[in-house]
Amino acid sequence: MCSLFGWLDYQGIIPHKVLRKLTQALANAAEERGTDAAGISYVRNGEVVIYKRPKPAHKLHFNPPEGTRAVMGHTRMTTQGDGKFNYNNHPFAGIAGDTSFAFAHNGVLWNDKELRKDKLIPDTHIETDSYAACQLIESQQKLDFDSLKYMAETVEGNFTFTVLDEHNSLYIIKGSNPMCLLHCKDIGLYVYASTESIMKNALRRIGLHKFANERIKTDEGDIIHIDKTGDITRSEFEPKLYRSKYMSWNDDSYYYNIHEEMLLAYCGCYGVDSEDVELLLEYGYTCDEIEEMLMDTNLLHETLRDVKYMCGESLYESCYGGAW
């Protein structure tokens, strides 16, 4: 559970001081989804610059230089790749053909090791699963809809990706993970964050919530390109569907919720057994509710105690083979 955030200023009428405050406000608000590391990328004199550190966002000073037209950011909750080693943190640098770019990911990828084993991408000192997706783009020797489609259909897992290239073009590759994209047409600004709550908190802090805005539709399978003039173009990729290990392969109506797979993948980072997460899912708790519990240990234990009591010891043991 990480967060993506950023903005693209295509008219150039917003004061630099406001954009700098917007960057920091988005980063600070995005801490609700990760405090292990934070970073941003931007373009300076035609070159992609990445600034990231293994610290919470509020302990960093994000200060893109005057004239910056776009910022792409990330706050991290570590699932794979020790965040203390800064090369494991987002954004990552990439080069596709003659185009340099920065890359960030919210989610968990499961097949990065298989991609290396199959020689689709080379070995690297970077341990983070997300970097495999960046390498897949590089392998296509170009940065466009086709290379992003190839990447999104080759990786397996939960994701939404963002890419910022050297031309101040922003790409959003929307998988199963959340994304909120707003357009403030009156001031020539696009702003995005992983969740609406992050967005609202950031805009309210600096007063930009007063400007009219339109939410841009982002569905799973969308590839959205916003160029430096503010024009949007779209393409699509085919999302993969995952089935529950408890569901029949012959029943096409039961596809596994990809958000549930993400919870099961990273709950161990909080010291929570996947069987407890499965129990909460079976009992009817939503993925969002369980995510909140993972951030509040007391609430999680209280809820599990109540659920196990209501289910009864025999039911719990028969389903999961465990004791209270």
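The structure displayed is predicted, hence computed values, not measured ones.

As a further point, take the overall build of the protein. Broken down by element type, the protein carries ten helices and 13 strands. For the protein, the residues scored as buried account for 53% of the 324 residues in total. When the accessible surface of the protein is totalled, it reaches about 15,100 Å², and 47% of it is carbon and sulfur.

His90 connects to Pro91 through a cis peptide bond whose omega is -10°. Even without a glycine there, the phi angle at Lys119 is positive, about 65°. Within the element layout of this structure, Lys119 appears in the loop between α2 (112–117) and α3 (131–139). Among the residues examined, Lys119 registers a relative accessible area of 69% and is labelled exposed. Within the chain, Gln141 stands out as a residue other than glycine whose phi angle is a positive 60°. Topologically, Gln141 is positioned in the loop between α3 and α4 (145–154).

The subject of this paragraph is the packing of aromatic side chains. Aromatic rings considered in pairs are described by the distance between their centres and by the relative angle of their planes. This model, assessed by the stated rule, comprises nine aromatic pairs. Seen in terms of ring centroids, Phe159 and Phe161 are 4.6 Å apart; in terms of plane orientation they differ by 20°. Their pairing is stacked. For Phe161, a relative accessible area of 0% translates into the label buried. Ring geometry for Tyr283 and Tyr285: centres 6.3 Å apart, planes at 25°, overall stacked.

The subject of this paragraph is the sheet that holds strand β6 (residues 99–109). The sheet built from six strands is open, its strands ordered β5-β6-β7-β8-β12-β13 with antiparallel pairing. Two strands close off the open sheet at either side, each with one partner strand: β5 (92–96) and β13 (232–236). Shown here is a sheet whose adjacent strand axes are inclined to one another by a mean of 25°, direction ignored.

About the criteria used
Residues numbered from 1 in each chain as written. Predicted model: local features only at pLDDT ≥ 70, side-chain atom pairs only at ≥ 80, totals over all residues. Heavy atoms only, no water. Helix = DSSP H or I, 4+ residues; strand = E, 2+ residues; numbered from the N terminus. Buried < 20%, exposed > 50% of the residue type's maximum accessible area, 1.4 Å probe, protein only. Areas by Shrake-Rupley, 256 points an atom, 1.4 Å probe, with all protein chains shown as cover. Phe/Tyr/Trp six-rings, centres within 6.5 Å; stacked < 30°, edge-to-face > 60°. Pairing = 2+ DSSP bridges. Axes fitted to C-alpha atoms, helices over the stretch in contact; angles between N-to-C directions.

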